[in-house]
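An overview of the molecular structure
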Amino acid sequence: MNRAKGKNAGFILPITLGLISLVGLWGTILIEQMHRQSDQLAKSWQEKFIFYKAQEHLGQCLGIVGLQELPTQRWGQCCHVEAMTNPTSTKTSTKSSKLALQKSYRVSVHHELIHPISNQILGSSRLQAVVTLSPTNQAISKLSWREIFDLHWEQELNALQPKTNYIWGQLPACKHPLPTN
Amino acid sequence: MNLVELMLSISLLTIVLAGLTHAVPVLQKNMDDGRALREEVAQVEQVLQIITRSIQQAGFEDIIKGQSSNSRSQKPPLVGIQVFQQATLTTDKVGKTSTQQSYLAGRRQTDAILIQHETYGHFDCVGRKITDKRTHQGLSRIGFFVQFRGNKGNAIGTLMCQSLTNNGQVQNDGILTGVNDFLIYLEDDVVIVELTMQSSRQYHKSIALQNQISL
């Protein structure tokens, strides 16, 4: 009887433990997958959040262009406005004189989303717009807008355009803590 | 342990195992459905983000470069966005479209969109740099359309992103599979994108245009 008892215990115990381990493993894999997907969604949401913040701020910065006589460079908080020099042309055609009257500004913004506790940067957005004002009423006559993704490439491109300065190393970012709710 | 105890424990174990074997497939199915939904949402979200960013760059002109050289006046007019109803972009020639004859009579409706802009630090849909070599007449072209494979009844649609190679040739990259319908509505300063997946779920996004562009 004692031998039978030992046999049963020796059979049931490993089977039960094996089952528990299998269920545990299955659960761990599922939880891991769920975490990965939720991280991906969270990352996508964070990128969108900081992009919209930057876009909103770029709109506000563009609002000040044309309203007042701006200096050549105006450094605001995470917003940089530069008056672009107009082309100098030796020809005195009507087109070039009209071009000389037009004022162009380059407006750049830099925003970062940070972790509220660790201050780790979760996402950043750099946007730049070049606006040309109408010579008659100072309204925006032309607007070109873009997003900056790669700073190394940006530096290379900037070097090719002698009229422009590379500002991303100097422009401080507006920091937004990640909303917790 | 006597025989009664042994039988009782075996019965209990059988009940527990039977419950588990019944519950596990149900749980697994629910989990799989949930996972498929989350995966689809994440993929569509990412693709809509790519489309949004491309559309928002439409009509970008390098004003600073354009001022210093008068090359802009020699170029053809920049048409920021072109929408082709019930069409697909071909790979034969830049910007050429063909109507999807086999799907016109069916329920599938797919449009195509072609986005043009000058380049300055831009990337294509899969993260490759758009250099001057990858332009046509000085303009980069990003197109989105759906390509179907298989029989008409159960064809699988793949959302393709079209761009140019270093030789200026057209190339397509698949960015989302399982697409049934892809509709684009172009209004004054808004582009509305509607995606219907094979799961019959619909995704809708309105994208405000950033640049002043000619349509």
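Attention here is on the structure that accompanies the text. Keep in mind that this is a model prediction, so the values were computed, not measured. (Residues numbered from 1 in each chain as written. Chains lettered and ligands numbered in written order. Predicted model: local features only at pLDDT ≥ 70, side-chain atom pairs only at ≥ 80, totals over all residues.)

What follows deals with the pairing of strand β5 (residues 140-149) of chain B. Residues and elements named next belong to chain B. Among the 10 residues of β5, seven are classified as buried, and the element is accordingly described as predominantly covered. Looking at chain direction, β5 and strand β6 (residues 156-164) are connected through seven bridges and run antiparallel. Bridge pairing in β6 places valine 146 opposite leucine 159. (Buried ≥ 20, exposed ≤ 12 C-beta atoms within 10 Å, placed from the backbone. Helix = DSSP H or I, 4+ residues; strand = E, 2+ residues; numbered from the N terminus. Pairing = 2+ DSSP bridges.)

A separate point is the interface of chain B and chain A. Counting residues at the interface gives 26 residues for chain B and 30 residues for chain A. Those elements giving two or more residues to the side of chain B that touches chain A turn out to be α1 (3-56) and α2 (63-68) of chain B. Here the element with the most residues in the side of chain B that touches chain A is α1(B); it accounts for 10 residues. Taken together, the residues of the side of chain B that touches chain A break down into nine nonpolar, nine polar and eight charged. (Contact = placed C-beta atoms within 7 Å. Nonpolar A, V, L, I, M, F, W, Y, C, P; charged D, E, K, R; others polar.)

All names here are of chain B. The strand order across the open sheet formed by five strands is β1-β4-β5-β6-β7, and the pairing between neighbours is antiparallel. On the outer flanks of this sheet lie β1 (81-84) and β7 (170-177), each paired with one strand and no other. The mean angle between the axes of side-by-side strands here comes to 20°, regardless of whether they run parallel or antiparallel. Where β6 lies against β7, seven bridges are found, and the strand directions are antiparallel. Within the sheet, the bridge partner assigned to glutamine 162 lies in β7 and is asparagine 172. (Axes fitted to C-alpha atoms, helices over the stretch in contact; angles between N-to-C directions.)

All right, on to the pairing of β6(B) then. Across the nine residues of β6(B), seven count as buried, placing the element largely inside the fold. Between the antiparallel neighbours β6(B) and β7(B) lie five residues, among them Gly168(B) with a positive phi of about 80°.

Attention now goes to the environment of Val26(B). Structurally, the position occupied by Val26(B) is in helix α1. For the pair Val26(B) and Asp188(B), spaced 162 residues apart in the sequence, the C-alpha separation amounts to 50 Å.

A word on unusual backbone geometry. Residue and element names in this part refer to chain A. Phi at cysteine 78 is positive, roughly 55°, even though this residue is not glycine. Checked against the element boundaries, cysteine 78 lands in the loop between β1 (73-76) and β2 (79-84). When the 19 C-beta atoms within 10 Å are taken as the criterion, cysteine 78 is described as partly exposed.

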